[in-house]
Amino acid sequence: MIRLLFTVVAGVVLGLVVHLVSVLALPRIATQDAYSRLTPMTKLNGVSQLPLADPNTSPMPFMDPAFALAICRYDLTSGPIKLTVPVSQAYTSVSFYTRNEIAYYAINDRSAGRKVIELDLMTEAQHNELPEDEEVTAADRLIIDSPSTTGLIVMKALAPEPGLMQQAQATLAAASCGPQTEQPTKAEAPRGRR
């Protein structure tokens, strides 16, 4: 009886260990992750609009048909990038993901408090190399530290009614994501959430 109980307990523990290892390893070994799926249809360090959500042709699963979607696939090896996203009438959000789909920062139009969401994205090392400027504050410039050199920025604009989808798409078409042309100065800005 004790042998049977020991065998059952050992089997359950072994099953839990195998399950846990496979669940944690799957995102690292998956070949069709979000970054890989979006690479052929998006520009590097540029904004690319995704087609409207359709159950049969959607490039990503669980896309909401009420949102216009744009992607910026970024690479920070050659330097920081500047992101500018106009705010739509209904709702606009920007989310940041590493290459391995780990979300590390998000901002929306309400928390930005402006008509344009504007920020600088760079690695922590690039942020530390910036010259300090005492006149620049966190309210003047938002600097986000990326935990990886490559990743995705997902921009969403809500169309509360189907007739407003073109307006939401136009808002995202005006967004820009690209290398910085001028050297920013260091400000006491919030670091990326990790």
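This is a predicted model, so every value here is computed, not measured. (Residues numbered from 1 in each chain as written. Predicted model: local features only at pLDDT ≥ 70, side-chain atom pairs only at ≥ 80, totals over all residues. Heavy atoms only, no water.)

Remarks on the overall build of the chain
Part 1 of the reasoning: Counting its secondary structure elements, the chain contains five helices and nine strands.
Part 2 of the reasoning: Helices and strands in the chain line up, N terminus first, as α-α-β-β-β-β-β-α-β-α-β-β-α-β.
Part 3 of the reasoning: Across the chain, the fraction of contacts at a sequence separation of at least 24, relative to all contacts at a separation of at least 6, is 75%.
Part 4 of the reasoning: Carbon and sulfur atoms make up 59% of the accessible area of the chain, which totals about 11600 Å². (Helix = DSSP H or I, 4+ residues; strand = E, 2+ residues; numbered from the N terminus. Contact = heavy atoms within 4.5 Å. Areas by Shrake-Rupley, 256 points an atom, 1.4 Å probe, with all protein chains shown as cover.)

A look at the sheet that holds strand β2 (residues 67-75)
Part 1 of the reasoning: Read from one edge of the open sheet, five strands run β1-β2-β8-β4-β5, paired in antiparallel fashion. Of all the strands in the sheet, the pair left with one neighbour each is β1 (47-49) and β5 (103-108). The mean angle between the axes of side-by-side strands here comes to 20 degrees, regardless of whether they run parallel or antiparallel.
Part 2 of the reasoning: Across nine bridges, β2 lies against strand β8 (residues 150-158) in antiparallel orientation. Paired with L69 across the bridge in β8 is K156.
Part 3 of the reasoning: Running over the sheet, helix α5 (residues 165-173) touches β1, β2 and β8 and is turned about 15 degrees from β2. (Pairing = 2+ DSSP bridges. Axes fitted to C-alpha atoms, helices over the stretch in contact; angles between N-to-C directions.)

Considerations on the packing of aromatic side chains
Part 1 of the reasoning: With the rule as written, the count across this model stands at three aromatic pairs.
Part 2 of the reasoning: When the centroid spacing of 6.0 Å and the interplanar angle of 45 degrees are considered together, the rings of F96 and Y104 count as tilted. Both residues of the pair, F96 and Y104, belong to the buried class.
Part 3 of the reasoning: Positioned above the aromatic ring of F67 is the side chain of K156, whose terminal nitrogen or guanidinium carbon lies 5.8 Å from the ring centre. (Phe/Tyr/Trp six-rings, centres within 6.5 Å; stacked < 30°, edge-to-face > 60°. Buried < 20%, exposed > 50% of the residue type's maximum accessible area, 1.4 Å probe, protein only. Lys NZ or Arg CZ within 6 Å of the ring centre and 35° of its normal.)

Considerations on the sheet that holds strand β7 (residues 143-146)
Part 1 of the reasoning: Pairing is mixed in the open sheet, where four strands are placed in the order β7-β6-β3-β9. In this open sheet, the two strands that pair with only one neighbour each are β7 and β9 (176-179). The average angle at which neighbouring strand axes cross in this sheet is 25 degrees, direction not considered.
Part 2 of the reasoning: Sheet analysis places strand β6 (residues 116-123) next to β7, joined by four bridges and oriented parallel. Across the sheet, M122 pairs through a bridge with D145, a residue of β7.

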